[in-house]
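The residues making up each chain are set out below.
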Amino acid sequence: GEDHVDKAWLAARGTGFASAPGCNANSVSEYVVAALLELDAIKPETSLGVVGFGHVGRKVAAKARALGMRVVVNDPPLEAVTA
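Per chain, the residues get numbers from 1 upward, laid out in the order the sequence is written. Where totals are concerned, whole chains, interfaces and linings use all residues; where local detail is concerned, this predicted model gives features only for residues with pLDDT of at least 70, and gives and counts side-chain atom pairs only at 80 or more. The side-chain quantities take in all heavy atoms of the structure and omit both hydrogens and water.

Engineer: In this structure, what is going on with helix 2 (residues 25–38)? I would like to understand it.
Structural biologist: It helps to recall that an α-helix has 3.6 residues per turn; residues three or four apart then point in one direction. Segments assigned H or I by DSSP are reported as helices when at least four residues long, segments assigned E as strands when at least two residues long, and all are numbered from the N terminus. One fewer than the residue count of a helix, multiplied by 1.5 Å, yields its expected span. Its 14 residues place the ends of helix 2 20 Å apart at the C-alpha level, agreeing with the 20 Å of an ideal helix rising 1.5 Å per residue. Exposed residues in this analysis have more than 50% of their type's maximum accessible area, buried residues have under 20%, and partly exposed residues fall in between, with area computed by a 1.4 Å probe over protein chains only. Where helix 2 is concerned, the buried positions are Ala25, Ser29, Val33 and Leu36. Buried residues in helix 2, looked at end-on, bunch into an arc of 65°, giving them a common side. Turned more than 90 degrees away from the buried face of helix 2 sit Tyr31 and Glu38, all of them exposed. We call two residues in contact when some of their heavy atoms are within 4.5 Å. Elements in contact with the buried residues of helix 2: strand 1 (47–51) and helix 3 (55–66). Where helix 2 ends, the next residue or the one after it, aspartate 40, has phi of about 55°, a positive value. Directions from the helix axis toward the C-beta atoms define the arc.

Next up, the structure:
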């Protein structure tokens, strides 16, 4: 996300800022699944912990569930916003 970027500070120094949220989320999630497959980590009754449930986390969780993994999500900031 861009919530940690001080855009006013950048603008005051003439530094541009651009954001493209989610643009690489699918590629990153595919890489994570490929890494899990390479590690032979996807087995019956395997659990995967996903820390952060933004663009990437949601896609990783969906792919892991499709492969039959149990997914546990932890994203306290998101829970605080949606609670």
